[in-house]
Amino acid sequence: MAVNRIMLLGANGQIGQALRAEPLPADWQLGVYGHAECDITNHRATQQTIRNFKPDLVVNAAAMTAVDQCEKEPDKAVAANFEAPANLAAQCSAIDVPLIHLSTDYVFDGDNGNVPYKPDAPMNPLGIYGNTKMMGEESVRHELAWHVILRVSSVFSAFGANILTKTLKMLDEKDELKFVNDQISSPTYAPDIAKTIIVMAEAILRGHSGGFGTFHLCGEPPCSRYDLVQAIMEAYAPHTTRRPSILPAATADFPGFAARPAYSVLDCSSLRAVYGIEQKPWREGLAEAMQKLKG
Ligand SMILES: NC(=O)c1ccc[n+]([C@@H]2O[C@H](COP(=O)([O-])OP(=O)(O)OC[C@H]3O[C@@H](n4cnc5c(N)ncnc54)[C@H](OP(=O)(O)O)[C@@H]3O)[C@@H](O)[C@H]2O)c1
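Overview of the structure. (Residues numbered from 1 in each chain as written. Predicted model: local features only at pLDDT ≥ 70, side-chain atom pairs only at ≥ 80, totals over all residues. Heavy atoms only, no water.)

### Quick look at the overall build of the protein
Point 1. Counting its secondary structure elements, the protein contains ten helices and twelve strands.
Point 2. The C-alpha atoms of the protein give a radius of gyration of 19 Å, which matches the 19 Å a tight globule of 295 residues would have.
Point 3. In terms of its C-alpha atoms, the protein occupies a principal-axis envelope of roughly 55 × 40 × 40 Å.
Point 4. Classification of the 295 residues of the protein by burial places 52% in the buried group.
Point 5. Within the protein, counting contacts between residues at least 6 apart in sequence, those at least 24 apart form 82% of the total.
Point 6. As presented, the protein carries roughly 13100 Å² of accessible surface, and 50% of it is formed by carbon and sulfur atoms.
Point 7. Averaging the locations of the 26 positively and 33 negatively charged side chains of the protein gives two centres separated by 5 Å. (Helix = DSSP H or I, 4+ residues; strand = E, 2+ residues; numbered from the N terminus. Rg over C-alpha atoms; globule rule 2.2 N^0.38 Å. Buried < 20%, exposed > 50% of the residue type's maximum accessible area, 1.4 Å probe, protein only. Contact = heavy atoms within 4.5 Å. Areas by Shrake-Rupley, 256 points an atom, 1.4 Å probe, with all protein chains shown as cover. Lys, Arg positive; Asp, Glu negative; His and termini not counted. Charge placed at Lys NZ, Arg CZ, Asp CG, Glu CD.)

### Notes on the site of the ligand
Point 1. In the vicinity of the ligand, 22 residues are found, and the nearest of them are Asp39, Thr65, Tyr129, Lys133 and Val155.
Point 2. One nitrogen or oxygen atom from the main chain of isoleucine 15 is found 2.9 Å from an oxygen atom belonging to the ligand.
Point 3. Within the residue set of the shell around the ligand, elements represented by two or more residues are helix H1 (14–21), strand E4 (99–104) and helix H5 (128–143).
Point 4. It is E4 that contributes the most residues to the shell around the ligand, three residues altogether. (Near = heavy atom within 4 Å. Polar contact = N/O pair within 3.5 Å; in protein donor to acceptor, adjacent residues only side chain to side chain.)

### Remarks on H5
Point 1. With 16 residues, H5 should reach 22 Å at 1.5 Å per residue; the first-to-last C-alpha distance of 22 Å fits that figure.
Point 2. What H5 keeps buried is the set Tyr129, Gly130, Thr132, Lys133, Met134, Gly136, Glu137, Ser139 and Val140.
Point 3. At its buried positions, H5 is contacted by helix H3 (67–72), helix H4 (74–94), E4 and strand E5 (147–152). (Expected span 1.5 Å × (residues − 1).)

### Structural notes on the environment of leucine 271
Point 1. Relative to the elements of secondary structure, leucine 271 occurs in helix H9 (residues 269–275).
Point 2. When the C-alpha positions of leucine 271 and leucine 217 are compared, they lie 7.2 Å apart, and in sequence the two are 54 residues distant.

### Observations regarding the pattern of salt bridges
Point 1. Within the structure shown, the criterion is met by twelve salt bridges.
Point 2. Beyond isolated ion pairs, a larger network of salt bridges with shared partners links Glu137, Arg141 and Arg151. (Salt bridge = Lys/Arg side-chain N within 4 Å of Asp/Glu carboxyl O.)

### Here we look at the environment of serine 154
Point 1. Along the chain, the position of serine 154 falls in the loop between E5 and strand E6 (155–156).
Point 2. With sequence-adjacent residues up to four places away left out, serine 154 is seen in contact with Ser185, Ser186, Pro187, Thr188 and Arg225.
Point 3. Of the polar contacts made by the side chain of serine 154, one reaches the side chain of serine 185; its length is 2.7 Å.

### Notes on the pairing of strand E3 (residues 57–60)
On any regular strand, side chains alternate: one points to one face of the sheet, the next to the other face.
Point 1. Both faces of E3 are covered, namely the face carrying Leu57 and Val59 and the face carrying Val58 and Asn60.
Point 2. Pairing of strand E1 (residues 4–9) with E3 involves four bridges; the strand directions are parallel. Looking across to E3, one finds that leucine 8 is bridged to valine 59.
Point 3. Bridging between E3 and E4 involves three bridges; their strand directions are parallel. (Pairing = 2+ DSSP bridges.)

What follows is the structure in structure tokens.
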């Protein structure tokens, strides 16, 4: 059986961990590279690591994802989210290998009349994180024809630090919590992203030439942070005696945070049309993650 060598960058992030936890196709040999094994901002070392591994396909799940930290350290954000994907795409192009690159709903400004964004909608990010991710996307498109850019939103899972794991900690420690109810997006369960990456990679490796381009994946239905945290508390309730008050708040109640889109729901119809992948209810992912964490 011919082996497909898949190189995973950002392997210890939540999407990286989710991909590693999935059952992989029998012919895959997964090369797992965390930040320590491959710092994607070190272009020469990244080139060498790629050449040594000799991938058939590269998945880039590495990024600087802390939205507020990106405002404080813009140079680091530019290096990780823009210059590194540009280099990765150029390296993939040099050896004629496809790249699946992850991106975000924060490339949009949230001012779309409460209509879900299609993949070809104009980008207009509000902060450094979204700006650097947009520039990363554009460089990937420019450098490499054989790319997939998969935008996802509000990712949660049992892996690493994310809205679910951070909220559970707060529910344990605080008696009153406030979350915004005026920012709407669609939470996405990291294992659903991992499954989508596998389907995409398999199709591309089989020669599905229509599978390249920019796609959206998120769960459904759309909700606010406040709604999501209410659902987390409901799912957590059987496992705890704690009942902290969860209060709705407005974005304006949290000055000093990076600007975030008010409405960044992603239209996933092209993912369904091209890959046959349906959106999943995020509550199913939440139940599964809660079982893993507290069951
Ligand atoms: N999390 C979300 O809500 C969300 C929403 C929309 C889109 N996305 C996109 O999804 C992708 C993955 O996100 P995630 O949720 O898995 O984030 P994550 O948990 O923060 O994982 C990102 C990983 O990248 C690593 N990394 C950072 N800088 C690196 C560098 N210079 N070289 C190599 N690795 C580096 C991090 O390692 P260290 O921890 O050691 O720095 C971390 O393990 C990103 O493209 C992100 O923009 C995420």
